[in-house]
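A structural walkthrough
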Amino acid sequence: MRWKLNSSVYKRMSSKELTTILNQDIENSAKVTSLQENGNPPWNLSLPHICVATLISFLFGYHVSVVNEPLESISLDLGFAGNTLAEGLVVSTCLGGAFVGCLFSGSLADGIGRRRSFQLSALPMIIGTAISASTNRLEGMLLGRFLVGTGMGLGPPVASLYVAEISPSYVRGTYGSFIQIATCLGIIVALFVGIPVKDAAGWWRMCFWIATAPATLLAICMEFCAESPQWLYKRGRIGEAEAEFERLLGASHVKAAMAELTRSDRGEDGDSIKYSELLYGRHFKVVFIGTTLFALQQLSGINAVFYFSSTVFKSAGVPSSLANICVGFSNLSGSIIAMLLMDKLGRRLLLLGSFIGMAVAMGVQAGAASLHHLSSGTIYLSVGGMLLFVLSFSLGAGPVPGLLLPEIFPNRIRAKAMALCMSVHWVINFFVGLLFLQLLEQLGAELLYSIFATVCVVAAIFVRKNVVETKGKTLQEIEVALLQTQ
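As the structure is a prediction and not an experimental result, all values here were calculated from the model.

Remarks on the overall build of the protein chain
On a plain count of helices and strands, the protein chain comes out with 23 helices and 0 strands. Here the protein chain holds 486 residues, and the buried ones make up 54% of them.

As for the nonpolar core
The nonpolar side chains of a soluble globular protein tend to be buried, and buried together. In terms of nonpolar packing, the biggest core is built from 100 residues, with F118, L218, L293 and F409 touching the most fellow members. The element contributing the most residues to this core is helix α22 (residues 445-466), with 10 residues. Core analysis: the second largest hydrophobic core is formed by 20 residues, L78, F80, L142 and C207 among them.

What about helix α9 (residues 172-193)?
For α9, spanning 22 residues, the distance from its first C-alpha to its last is 32 Å, which sits close to the expected 32 Å at 1.5 Å a residue. Counting buried positions along α9 gives 17 out of 22 residues, so the element sits mostly inside the fold.

A closer look at the pattern of salt bridges
Tallying each qualifying case throughout the model produces 11 salt bridges. Here K234 and D110 are joined by a salt bridge, their closest N and O atoms 3.0 Å apart. One end of the pair, K234, is in helix α12 (residues 229-234); the other, D110, is in helix α6 (residues 84-112), with 124 residues separating them in the sequence. Residue classification places D110 among the buried positions, given a relative accessible area of 9%. Across the pair R347 and E407 runs a salt bridge whose closest N-O atoms are separated by 2.7 Å. One end of the pair, R347, is in helix α18 (residues 347-370); the other, E407, is in helix α20 (residues 400-408), and 60 residues separate them in sequence. E407 matches R347 in its accessibility class, with the two residues each being buried. Residues participating in the shared-partner salt-bridge network are D110, R114, E165, K234 and R414.

Comments concerning the side chain of Q298
Along the chain, Q298 falls in helix α15 (residues 284-299). Residue Q298 is classed as buried on the basis of its relative accessible area, which comes to 2%. When residues no more than four places from it in sequence are discounted, the contact partners of Q298 are N303, H425, I428, N429 and V432.

Considerations on the packing of α6 against helix α8 (residues 138-166)
Packed helix pairs are specified by the crossing angle of their axes together with the interaxial distance, meaning the distance between the axes. Look at α6 against α8: their axes get within 6 Å of each other, and the N-to-C directions meet at 40°. Between α6 and α8, the crossing angle belongs to the class labelled oblique. In this structure, α6 crosses over α8, and the sense of that crossing is right-handed. When grouped by side-chain class, the residues that make up the contact of α6 with α8 number 20 nonpolar, 8 polar and 1 charged.

Digging into the side chain of S169
Mapped onto the elements of the fold, S169 is located in the loop between α8 and α9. Accessibility expressed as a relative area gives 17% for S169, which makes it buried. Apart from the residues lying within four places of it in its own chain, the contact partners of S169 are D343, G472, K473 and T474.

About the criteria used
The residue numbers shown here count from 1 along each chain, following its written sequence. In keeping with the model being predicted, local features are shown solely for residues with a pLDDT of at least 70 and side-chain atom pairs are shown and tallied solely at 80 or more, while totals for entire chains, interfaces and linings include all residues. The side-chain figures draw on all heavy atoms in the structure; neither hydrogens nor water molecules are used. The secondary structure listing takes helices from DSSP runs of H or I that are at least 4 residues long and strands from runs of E that are at least 2 residues long, numbered from the N terminus. The cut-offs for exposure are 20% and 50% of the maximum accessible area for each residue type, with area from a 1.4 Å probe on protein chains only; residues under the lower value are buried, those over the upper are exposed, and the others partly exposed. Note on terminology: a nonpolar core comprises buried Ala, Val, Leu, Ile, Met, Phe, Trp, Tyr and Cys residues joined through side-chain atoms within 4.5 Å. To estimate the expected span of a helix, subtract one from its residue number and multiply by 1.5 Å. Salt bridge criterion: a side-chain nitrogen from Lys or Arg within 4 Å of a carboxyl oxygen from Asp or Glu. Contacts: residue pairs with any heavy atoms within 4.5 Å of one another. Between N-to-C directions, angles span 0 to 180 degrees; the directions come from axes that are lines fitted to C-alpha atoms, helices contributing only their stretch in contact. Each angle receives one of four descriptions, namely roughly parallel if under 35 degrees, roughly antiparallel if over 145, roughly perpendicular if within 65 to 115, and oblique otherwise. Should the near helix be turned counterclockwise from the far one by less than a right angle, the crossing is left-handed, whereas a clockwise turn marks it as right-handed. Each residue receives one of three labels: charged for Asp, Glu, Lys and Arg, nonpolar for Ala, Val, Leu, Ile, Met, Phe, Trp, Tyr, Cys and Pro, and polar for the others, Gly being one of them.

Rendered as structure tokens:
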């Protein structure tokens, strides 16, 4: 394997520097050849570290859904029953905290490392959950939810980084899908935990206390997990990076992994990047793709479906608790299928098919809404369209962006670029939740669902034109390939 330097680079180098670079190329080529001879690294070495990291995704899903069933009991016990503004704040304060936490996630992940960032994200989730579980006032509940939200905003971007950076390339898609599956499991567990809330007085407090266990487990177990070799290398801690590669890939793959890391890092400025640098220059295109993917994901209407699905199911005579569980299992089923297909079909194909399926499902929803007479056929069409939409989302649009973006972002900008993209996610998530009911009332279901379907079509076109396939490639191979096209 040989790597070529741009002719302008040659002109700026002295003969000594050029000789050094060429010698490094020869050495790196030998190391990568060594990797090919040794075959793929074992998948099981990194698996325990992946499982610990996905606890933050489980917590994310749990806290998103934990107030769904208990909200009525919480409002009665804390004295704000019938106050829709207060009830809305209990839900949306968490989103506000998530936005704040997300803003700092990139700087923290680059400054203190991935492992310490996980532990730091667990701290406000433990404290906030304890405050919410023990409070007797609305103000205490809001403070607790805000603190939990900061952990929710900080943790998931770091999880996407960490999983992408420590996974062997041939199973990175499968391991990346664990994040979505853990989120789905968190949602479902929260729904089941909330079922006794109407029969057991004060059960809502137990719903919160339960969440302290996985958060504590995350903080403790992360102490024994590997640090990201990419982050260590970026900080100049070469020996530690090699040691962590040995833990994650095995001793026979360390030299080749370090050679790949050195190859992608050549020519990069070692200084920390500023957020303003992401908006122009050589990295603008990949950052634009990342932010647009998350924006289209949220504008597709997925969170409107998650937040307000119980209304559609209620019209079909299905209890809200059962409705939420149906949606949760549809989401989980699609995520498991995506996990099995991610490293076979690739990210791009799954993402493209997912958005097309979502467009069709929203078209079915719009068609059902256009039938003004309410019949059993119309109701089942609406329910079927909603479940198809959630299933299609979980096959690609849900899990792929969080996996794909750490893959296409260069090591130098990866943490802050993910933080920027996730910030866009939280802002649009907030406004969709805030405005959906108002838009539904003013525009009508048929037009609103048609707009969501159009967004999904636009997203499919965007993916076809801009998203590259990353299946089976190392992060360094992806980085070098993308830089050569710029």
